Amino acid sequence: MAAMDDADAAALQQRLDELAAETSSIKRKLEQRRRGDADGALASPRFWRGGGGRRGGGGKEGAAPKRRATEHRRPSAPPRDADDEGGRFKWVSGGDDAKSIARLVVGAALPSAVVGFPVALHSKYEVNVNTTVKGVAIAAKRCRDELAAPIACAPSFRENRNELTITVVELQRAAPDVDAPGAAVETLTVARATDYRVLAGAVAKRARAGDASNLRAIGAAAVFTAARAVATCREYLAEDAAALDVVAVPRFAKVQFDGRDEETTVLELVVFPSEDCL
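What you see as residue numbers is a count from 1 along each chain, following the sequence as written. Restriction of local features to residues with pLDDT of at least 70 applies here, the model being predicted, together with a cutoff of 80 or more for giving and counting side-chain atom pairs; totals for whole chains, interfaces and linings are based on all residues. Side-chain numbers come from the whole structure's heavy atoms, not from hydrogens or water.

1. Notes on the overall build of the protein
Only DSSP runs of H or I covering at least 4 residues are called helices, and only runs of E covering at least 2 are called strands; the numbering of each starts at the N terminus. Across its full length, the protein carries five helices and eight strands. When the helices and strands of the protein are listed from N to C terminus, the series reads α-β-α-β-α-β-β-β-α-β-α-β-β. Expressed as a percentage of its 278 residues, the buried residues of the protein come to 42%. Nonlocal contacts in the protein, meaning residues at least 24 apart in sequence, comprise 68% of its contacts between residues at least 6 apart. A 1.4 Å probe rolled over the protein chains alone gives each residue an accessible area, and that area as a share of the maximum for its type sets the label: buried under 20%, exposed over 50%, partly exposed in between. Here a residue-residue contact requires only that any non-hydrogen atoms of the pair lie within 4.5 Å.

See below:
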């Protein structure tokens, strides 16, 4: 058997990732349907009988008894932008790399994709969040250059401030060109020690004015801070009376810092107002 070249191997791996995502999505939908059927059975009149039966509690005929705290407890609501309306999802762990995340996202943009957007990427702590954002950055460039399908991501918190869902969506309009002369954008450098809440306030202020922010981060800790800042910014904007939200397009850039002979590769999050997640 002839040896498989790199292109064939990459195509095969991409298809395997697509099939895995589609299988997971189908399993999740079946589980949601089973849970919904169970809820309907528990709430049906034949289950909640009134009168003198054990479940009736001796109350009036036809009256539903008071439920115990442990009975028929519905699951908690999913976090904002969770994958409850279809799409793909993945828990990003230490065994994943940015390229595999990118293949999953690009697969959702293909015309032949059975399961498309949104793509919900769940990650926890700075290393996994950094891998996730890098993967989305790779995917964003490929989707824009090869498929003419602009995408962006919308970070949101899950159970705590160390756990994020980065939801990737397809943009209805292309992201603003922040590199164009005179573009309304401010570049903010993010470090490990940056207070993400203060940074979120600055990004939200610019978003309310219709302007973009470019968050420049070096290293996993700084990327984690930038992602948390965008998630917090979205919370701030959700409290406003006006319906406003932001999304971010991650990208790689080369920057020349003072005192260094060579350019340094940084990860940037271009944050701008958008209605694609409202």
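2. Some points on the pattern of salt bridges
Whenever Lys or Arg places a side-chain nitrogen within 4 Å of a carboxyl oxygen from Asp or Glu, that contact is recorded as a salt bridge. Tallied over the full model, the rule gives 13 salt bridges. Note that Glu186 and Arg206 form a salt bridge whose closest N and O atoms lie 3.4 Å from each other. With Glu186 in strand S5 (residues 185-190) and Arg206 in helix H4 (residues 196-208), this residue pair connects regions lying 20 residues apart in the sequence. Overlapping salt bridges, with partners in common, bring together Asp179, Arg216, Arg251 and Glu268 in one network.

3. Details of the nonpolar core
One finds Leu121, Val168, Leu215, Leu269 and Val271 to be the most contacted residues of the largest nonpolar core, which totals 60 residues. Ranked by residue count, the leading element in this core is helix H5 (residues 220-238), at ten residues. Filtering out sequence-adjacent residues up to four positions away, Val271 remains in contact with Val203, Ala212, Ser213, Leu215, Val230, Val246, Val247 and Ala248. Put simply, a nonpolar core is a bunch of buried Ala, Val, Leu, Ile, Met, Phe, Trp, Tyr and Cys residues held in one set by side-chain atoms that sit within 4.5 Å of each other.

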